[in-house]
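Architecture and fold: a report
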Amino acid sequence: MRTERKRYVRFRLFRDGPPINEKRLAIEIRRNLLSLFGEIIVADSKFFLTQYDETNGTGILQCNEKTLEHVLTAASLLYKIDDTLVSFKPIKTSGTIKAVQK
Amino acid sequence: MHVDMNVNITKPEQIPHFVKMAKNMGLDGLAVTCNIDKPVITFEDGFRLYKRACLKQATLPALKTRVSQIRRFVMIVAVPLRSVQLANWAADDARVDLLTLSGISKEESLKSSTARLAASSGTALEVQMASLLTNFGLDRSRAIKTFRESIRIAQSAGMPIILSSGAKSPMMLRSPRAMLHIARLLGIDDPDFMENMSHTIEKMLSQNQRKLSNDYIAPGMEIVWRPDQ
């Protein structure tokens, strides 16, 4: 059986307000994913924040290749987390964490 | 060339914040509703601000008057999709560049007849994604429904489609790649959508820039030489 392929995405979260911690950001992306595409996609996505620096907003997320589009759409529609206005910018996508870090 | 065609700036002092964010997002220009001196302002680094007018007149005579008053002073003229009569007139008039869909009003929708008229005159459908950012759950699904239906009609009629932010704060601006993902959510499956959209915007802006020059008289008629030159 062929294993499911992962995708890594380097991103930057711009913000206007207090910093957002890693856990809060992951919850908000998952919540948006659930609202837009439903429980099956959330379950299949295997979405996870691999790295996140809350001071400058840069990070790497990982997810299943088949749900990459859904995860990035959900993240792109983030606007307000608690009292902070945010804008998610996907920068680079790759199949390995090493390539995405370059 | 990536230009956000609808940014709602209420005060001129907000412009630097929007420009900084737009540059961070990888945009080359913004079309702003705020009152700026010229139809186009070019910064030293090549970033451009375009003056845009959104005409919300309720009656057709008022809309016609306003279009003729304002056309020579702004780069982009947009008319919100409201009544069929206003939308059909705006779609058929070459002075109107965009028919705007905000996703807020329940009455907003694009009719097939309007889309056909717009396709023949080169008027584009502008989809403002602000309502997708500020709403959640059922309210957002209502906006998505309006957008998807109208986009389907525009695509079948061959009407160009433009996705804009409708941003009221700099954090509502999105990068071209994020816009592409949002476009897919709205039923635009074309992998070259961003390129096609950039091409439509570039063509619209260059045509309008030519129309605003002193040498332009009418479509196909321009002053190419003056005796005193």
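Note: the structure precedes this text.
A brief look at the structure comes next. Computed from a prediction, not measured in an experiment: that's the story for all the values here.

For the pair helix 3 (residues 68-76) of chain A and helix 7 (residues 176-185) of chain B, interaxial distance at closest approach is 9 Å and the crossing angle is 110°. Judged by the inter-axis angle, helix 3 of chain A sits roughly perpendicular to helix 7 of chain B. The two elements helix 3 of chain A and helix 7 of chain B cross, and the hand of that crossing is left-handed. Residues Glu-69, Leu-72, Thr-73 and Ser-76 of chain A of helix 3 of chain A form the contact with helix 7 of chain B, whose own contacting residues are Arg-177, Ala-178, His-181, Ile-182, Arg-184 and Leu-185 of chain B. For the contact of helix 3 of chain A with helix 7 of chain B, the per-class residue count stands at four nonpolar, three polar and three charged.

Grouped together as the largest cluster of nonpolar side chains are 107 residues, with contacts concentrated most on Leu-25 of chain A together with Leu-30 of chain B. If one sorts the elements of this core by residue count, helix 8 (residues 193-212) of chain B sits on top with seven residues. Beyond its immediate chain neighbours, meaning those up to four positions away, Leu-25 of chain A contacts Phe-11, Leu-13, Ile-20, Leu-49, Tyr-52, Leu-78 and Ile-81 of chain A.

Let's shift gears to the pattern of salt bridges. Residues and elements named next belong to chain B. Taken as a whole and assessed by the stated rule, the structure comprises 14 salt bridges over all chains. Across the pair Asp-45 and Lys-23 runs a salt bridge whose closest N-O atoms are separated by 2.7 Å. Taken as a pair, Asp-45 in the loop between strand 3 (40-42) and strand 4 (48-54) and Lys-23 in helix 1 (residues 15-24) lie far apart in primary sequence, 22 residues in all. Notably, a salt bridge pairs Arg-210 with Glu-222, separated by 3.0 Å at the nearest N-O pair. Taken as a pair, Arg-210 in helix 8 and Glu-222 in strand 10 (residues 221-222) lie far apart in primary sequence, 12 residues in all.

Attention now goes to the pairing of strand 5 (residues 76-80) of chain B. Residues and elements named next belong to chain B. Burial analysis of strand 5 places five of its five residues in the buried class, which makes it a mostly covered element. Burial along strand 5 is two-sided: the face carrying Ile-76, Ala-78 and Pro-80 and the face carrying Val-77 and Val-79 are both buried. Across three bridges, the pairing between strand 4 and strand 5 is parallel. Its bridge partner lying in strand 5, Arg-52 is registered against Ile-76. In the sheet, strand 5 pairs with strand 6 (residues 98-101) via three bridges, with the strands oriented parallel. Its bridge partner being in strand 6, Ala-78 is matched across the sheet by Leu-98. Note that the unit made of strand 5, helix 3 (residues 84-92) and strand 6 has a crossover that is right-handed.

Let us look at helix 4 (residues 112-121) of chain B. Residue and element names in this part refer to chain B. Buried within helix 4 we find Thr-114, Ala-115 and Ala-118. When helix 4 is viewed along its axis, its buried side chains cluster within an angular range of 100° and face the same direction. Of the residues in helix 4, the exposed ones pointing more than 90 degrees away from the buried face are Arg-116 and Ser-120. On its buried face, helix 4 is in contact with helix 3, strand 6 and helix 6 (138-157). Of the residues flanking the end of helix 4, it is Gly-122, one or two places downstream, whose phi is positive at about 85°.

Residue and element names in this part refer to chain B. Throughout the structure, instances matching the rule amount to one cavity of 30 Å³ or more. The wall of the largest cavity is formed by Met-1, His-2, Val-3, Leu-27, Pro-176, Met-179, Met-194, Met-197, Ser-198 and Ile-201. Among the elements of the structure, helix 7 and helix 8 are those that each provide at least two residues to the lining of the largest cavity. Ranked by the residues each element gives to the lining of the largest cavity, the list is headed by helix 8, at four residues. Its residues assigned to classes, the lining of the largest cavity comprises eight nonpolar, two polar and no charged.

Here we take up the pairing of strand 2 (residues 29-32) of chain B. Residues and elements named next belong to chain B. Going residue by residue along strand 2, you find Gly-29 and Ala-31 tucked away on one face and Leu-30 and Val-32 tucked away on the opposite face as well. Sheet topology places strand 1 (residues 3-7) next to strand 2; three bridges connect them, and they run parallel. Within strand 2, the residue paired with Val-7 across the bridge is Val-32. Of the pairings in the sheet, the one linking strand 2 to strand 4 comprises four bridges and is parallel in character.

Conventions adopted
Residues numbered from 1 in each chain as written. Chains lettered and ligands numbered in written order. Predicted model: local features only at pLDDT ≥ 70, side-chain atom pairs only at ≥ 80, totals over all residues. Heavy atoms only, no water. Axes fitted to C-alpha atoms, helices over the stretch in contact; angles between N-to-C directions. Helix = DSSP H or I, 4+ residues; strand = E, 2+ residues; numbered from the N terminus. Parallel < 35°, antiparallel > 145°, perpendicular 65-115°, else oblique. Left-handed = near helix turned anticlockwise from the far one by under 90°. Contact = heavy atoms within 4.5 Å. Nonpolar A, V, L, I, M, F, W, Y, C, P; charged D, E, K, R; others polar. Core = buried A, V, L, I, M, F, W, Y, C linked by side-chain atoms within 4.5 Å. Buried < 20%, exposed > 50% of the residue type's maximum accessible area, 1.4 Å probe, protein only. Salt bridge = Lys/Arg side-chain N within 4 Å of Asp/Glu carboxyl O. Pairing = 2+ DSSP bridges. Right-handed = clockwise from strand over helix to strand, strands pointing away. Arc of directions from axis to C-beta. 1 Å grid on protein atoms, 1.4 Å probe; cavity = no way out; pocket = protein on both sides within 12 Å on 5 of 7 lines; lining within 4 Å. Points joined across faces, edges and corners; volume = space filled by probe spheres on them.

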